[in-house]
Amino acid sequence: MGTHYDAMILAYIGDSLLELFVREKLVSAGETNTGRLSSMAQKLVCAPAQSEKADELLPLLTEEESDIYRLGRNHKVTGKPKRASIVEYHRATGVEAVFGYLHLSGRDERARELFNALYGNI
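Let me begin by describing the structure that accompanies this report. Model, not experiment: these values are computed from the prediction.

The rules we used
- Residues numbered from 1 in each chain as written.
- Predicted model: local features only at pLDDT ≥ 70, side-chain atom pairs only at ≥ 80, totals over all residues.
- Heavy atoms only, no water.
- Helix = DSSP H or I, 4+ residues; strand = E, 2+ residues; numbered from the N terminus.
- Rg over C-alpha atoms; globule rule 2.2 N^0.38 Å.
- Phe/Tyr/Trp six-rings, centres within 6.5 Å; stacked < 30°, edge-to-face > 60°.
- Buried < 20%, exposed > 50% of the residue type's maximum accessible area, 1.4 Å probe, protein only.
- Core = buried A, V, L, I, M, F, W, Y, C linked by side-chain atoms within 4.5 Å.
- Salt bridge = Lys/Arg side-chain N within 4 Å of Asp/Glu carboxyl O.

Here the focus is the overall build of the protein. Counting secondary structure elements, the protein contains six helices and zero strands. When the helices and strands of the protein are listed from N to C terminus, the series reads α-α-α-α-α-α. By the compact-globule yardstick of 14 Å for 122 residues, the protein fits well, its C-alpha radius of gyration being 14 Å. Once the C-alpha set of the protein is aligned to its principal axes, its extents read approximately 40 × 35 × 25 Å.

This is the structure:
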């Protein structure tokens, strides 16, 4: 896996990357009201929404990326998620970990490819 990062660090970076990609996509679609942009972005990057995207993402992943997904998904949670079930939170963390891993590995093109497959229709 190259440089080793903790699953939560991968998810932390992946969360930021996904939010950036979503914001860029919404702006490129022509939305200019920042309040609406923030509201729309939040609905797309929250744990329940990311958990739903896991089902679309998993068949697209390489074996290595699948390992990263499982690493993030299986990371022990110390607290209770605020706006998601524990299952949604784990699945979302797996999705975020994949994007964080790709970014930190210098594979932003692959991250964009997966993002477009998941969010191309927003």
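The structure having been displayed, the exposition proceeds.
The next thing to look at is the packing of aromatic side chains. Within this structure, the stated rule accounts for two aromatic pairs. Pairing Phe21 with Phe115 gives two aromatic rings, centres 5.3 Å apart and planes at 65°, and the pair type is edge-to-face. Of the two residues, Phe21 sits in helix H1 (residues 7-28) while Phe115 sits in helix H6 (residues 108-119), which places them 94 residues apart along the sequence. The buried category is assigned to Phe21, whose relative accessible area is 4%. On the basis of an interplanar angle of 20° and a centroid distance of 4.8 Å, the ring pair of Phe115 and Tyr119 is categorised as stacked. With Phe115 and Tyr119 both in helix H6 and four residues apart, this pair spans about one turn of that helix.

Another point: the side chain of Gln50. Looking at where Gln50 falls in the secondary structure, it is placed in helix H3 (residues 47-57). Judged by its relative accessible area of 0%, Gln50 is buried.

With that settled, consider the nonpolar core. Core analysis: the biggest nonpolar cluster contains 25 residues, and Val22, Val95, Val98, Phe99, Leu114 and Phe115 have the highest contact counts within it. Mapped onto this core, the elements with two or more residues apiece are H1, helix H2 (34-45), H3, helix H4 (63-73), helix H5 (86-104) and H6.

Applying the stated criterion across every chain, the model contains nine salt bridges. With a shortest N-O distance of 3.6 Å, Glu56 and Lys53 are connected by a salt bridge. With a gap of three residues between them, Glu56 and Lys53 both fall in helix H3, about one helical turn apart. Overall, the relative accessible area of 39% leaves Glu56 in the partly exposed class. Taking the shortest distance from any N to any O, the salt bridge between Asp55 and Arg91 comes out at 3.1 Å. One end of the pair, Asp55, is in helix H3; the other, Arg91, is in helix H5, with 36 residues separating them in the sequence.

A few words on the environment of Ala54. Within the secondary structure, Ala54 sits in helix H3. For Ala54, a relative accessible area of 0% puts it in the buried group. As for Ala54 and Gly94, which are separated by 40 residues in sequence, their C-alpha atoms are 8.0 Å apart.

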